[in-house]
Amino acid sequence: METEPTLLQDCASYLHNALTPDDLKPEGNIQTGLTSDMELKNKSFNCTVLDVIDCPSMETFLKNYILAEKPVVLDNCINHWPALTKWQDQNYFIKLAGLRTVSIELGRDYTDSNWTQKLMTLEDFIRNHIFAEGGTTGYLAQYQLFDQIPELKNDIIEPEYCCFSEEDEDEHIDIMAWYGPKGTLSPLHHDPKKNLLAQVVGEKQIFLFSPEDSVYLYPHEHELLNNTARIDPRNPDFRKFPMYKEAKGYCCVLRSGQMLYIPPKWWHFVESLSVSFSVSFWWE
């Protein structure tokens with residue numbers, strides 16, 4: 001009885017693996033369009049560039065970042081992940097699980113009136129939104145892809161830093177996938193849990209603000225969006241939001257192979273600078 005929850009995943013994997021490569025006809029590798037020479041101009045964005053530290057010890061991470069509730073970029077912590085090489089070729093996903101159905105967000109971001117969601121196969125998403133340019137932006141966002149396609153979970157390894165929990169018992173860790181083309185956005189918002197955001201493919205530009213700056217960020221008043229702010233840190237409208245000048249922002253370009261620690265309730269705005277695949281680990 002305990003194995004029944006995985007029965008559908010197992011059946012889907014078996015059927016997909018029974019297909020020949022000719023059934024899928026994957027295209028050649030795509031160019032991710034990395035912008036490795038692009039750096040943030042902190043004066044223009046009114047922010048301080050985040051520290052990047054090389055694979056800190058567990059004690060250092062706990063003391064200086066978890067307990068201090070301070071964001072930081074972590075380098076050389078996920079070099080052993082198979083995903084860092086396998087996922088660079090988008091055809092890998094087509095061959096592995098192209099016929100699996102996923103939910104895709106369509107539109108600029110979830111605050112837009114035209115935003116919607118649509119079910120499609122992973123292959124259709126890659127061909128129509130990752131490979132193709134122009135048209136409606138598609139984003140596989142905050143999606144439990146690794147529960148649906150367990151084979152992909154074999155390509156990643158849960159970071160040891162997630163063991164620092166406020167609970168006495170082993171805390172469940174939510175693992176979410178974020179996969180999309182250049183230009184996908186997550187508007188300025190905050191989450192209740194600790195977050196390690198691992199960048200596997202491509203680059204993301206990220207802005208962060210302390211909970212203490214909430215009043216300067218003009219959160220939406222509607223109950224459904226009260227964890228989302230109206231500020232766009234890339235081009236703030238000071239006439240409309242004058243108090244934003246008092247906010248003290250932080251920023252970074254998160255590159256493939258790096259992780260960003262985002263403390264609970266810290267505001268963050270995320271923009272993909274290229275085709276991007278990120279994995280977030282949320283825990284309390």
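A few points on the structure.

Conventions and cut-offs
- Residues numbered from 1 in each chain as written.
- Predicted model: local features only at pLDDT ≥ 70, side-chain atom pairs only at ≥ 80, totals over all residues.
- Heavy atoms only, no water.
- Disulfide = S-S within 2.5 Å.
- Helix = DSSP H or I, 4+ residues; strand = E, 2+ residues; numbered from the N terminus.
- Buried < 20%, exposed > 50% of the residue type's maximum accessible area, 1.4 Å probe, protein only.
- 1 Å grid on protein atoms, 1.4 Å probe; cavity = no way out; pocket = protein on both sides within 12 Å on 5 of 7 lines; lining within 4 Å.
- Points joined across faces, edges and corners; volume = space filled by probe spheres on them.
- Nonpolar A, V, L, I, M, F, W, Y, C, P; charged D, E, K, R; others polar.
- Pairing = 2+ DSSP bridges.
- Axes fitted to C-alpha atoms, helices over the stretch in contact; angles between N-to-C directions.
- Contact = heavy atoms within 4.5 Å.
- Arc of directions from axis to C-beta.
- Phe/Tyr/Trp six-rings, centres within 6.5 Å; stacked < 30°, edge-to-face > 60°.

1. Brief notes about the state of the cysteines
A complete count under the given rule lists 1 disulfide for this structure. Across the disulfide, Cys47 is cross-linked to Cys251 (sulfur-sulfur distance 2.1 Å). Since a negative S-S torsion denotes a left-handed disulfide, the Cys47-Cys251 link at about 70° is right-handed. One end of the pair, Cys47, is in strand S1 (residues 47–49); the other, Cys251, is in strand S11 (residues 249–254), with 204 residues separating them in the sequence. Summarising the burial analysis for this pair, Cys47 and Cys251 share the class buried. There is no disulfide at Cys77, and the cysteine sulfur nearest it, in Cys55, is 3.7 Å away. Cys77 gets classed as buried once you look at its relative accessible area, which sits at 12%.

2. What about empty space enclosed by the protein?
According to the stated counting rule, one finds 2 cavities of 30 Å³ or more in the structure shown. Here the largest cavity is characterised by a volume of approximately 110 Å³. Every residue lining the largest cavity is counted, 13 residues in all, and those nearest its centre are Trp178, Asn195, Leu197, His268 and Val270. Secondary-structure elements contributing two or more residues to the lining of the largest cavity are strand S8 (185–189), strand S9 (194–201), strand S13 (267–272) and strand S14 (276–283). Residues that form the lining of the largest cavity fall into these classes: 6 nonpolar, 5 polar and 2 charged.

3. Points about helix H7 (residues 122–131)
Judged by how many residues are buried, H7 sits mostly within the fold: 8 of 10 residues are covered. Of all the residues in H7, the buried ones are Leu122, Glu123, Phe125, Ile126, Arg127, His129, Ile130 and Phe131.

4. Regarding the sheet that holds S14
Hydrogen bonds between backbone groups are what pair the strands of a sheet, and the pairing can be parallel or antiparallel. Overall, mixed pairing links the 9 strands, which are arranged S2-S3-S12-S9-S14-S7-S6-S4-S5 in an open sheet. Strands at the two margins of the open sheet, each flanked by one partner only, are strand S2 (52–54) and strand S5 (116–121). Adjacent strand axes in the sheet meet at a mean angle of 30° when their direction is disregarded. Across 3 bridges, strand S3 (residues 72–75) lies against strand S12 (residues 259–262) in antiparallel orientation. Pairing of Val73 across the sheet is with Leu260, part of S12. Along the sheet face, H7 touches strand S4 (101–106), S5, strand S6 (138–143) and strand S7 (174–180) and points at about 115° away from the line of S5.

5. Side note on unusual backbone geometry
Positive phi, close to 45°, is recorded for Gln142, a residue that is not glycine. Looking at the secondary structure, you find Gln142 in strand S6. For Gln142, a relative accessible area of 44% gives the class partly exposed. For Tyr218, which is not glycine, the phi torsion reads 55° and is therefore positive. Following the sequence through the fold, Tyr218 ends up in the loop between strand S10 (204–209) and S11.

6. Here we look at helix H4 (residues 58–66)
Buried within H4 are the following residues: Phe61, Tyr65 and Ile66. Along H4, the residues classed as buried sweep out an arc of 75° about the axis, all on the same side. In H4, the exposed residues that point more than 90 degrees away from the buried face are Glu59 and Lys63. Where the residues of H4 are buried, they touch S2, S3, S9, S12 and S14.

7. Some words on the packing of aromatic side chains
Considering all chains together, one arrives at 20 aromatic pairs under this definition. Ring centres of Phe61 and Tyr261 lie 5.2 Å apart, and the angle between their planes is 75°; this geometry places the pair in the edge-to-face category. Note that Phe61 is positioned in helix H4 and Tyr261 in strand S12, a separation of 200 residues in sequence. On the basis of relative accessibility, which here comes to 0%, the residue Phe61 falls in the buried class. One aromatic cluster is present, formed by Trp87, Tyr92, Phe93, Phe125, Phe146, Tyr179 and Phe277 through successive ring pairs.

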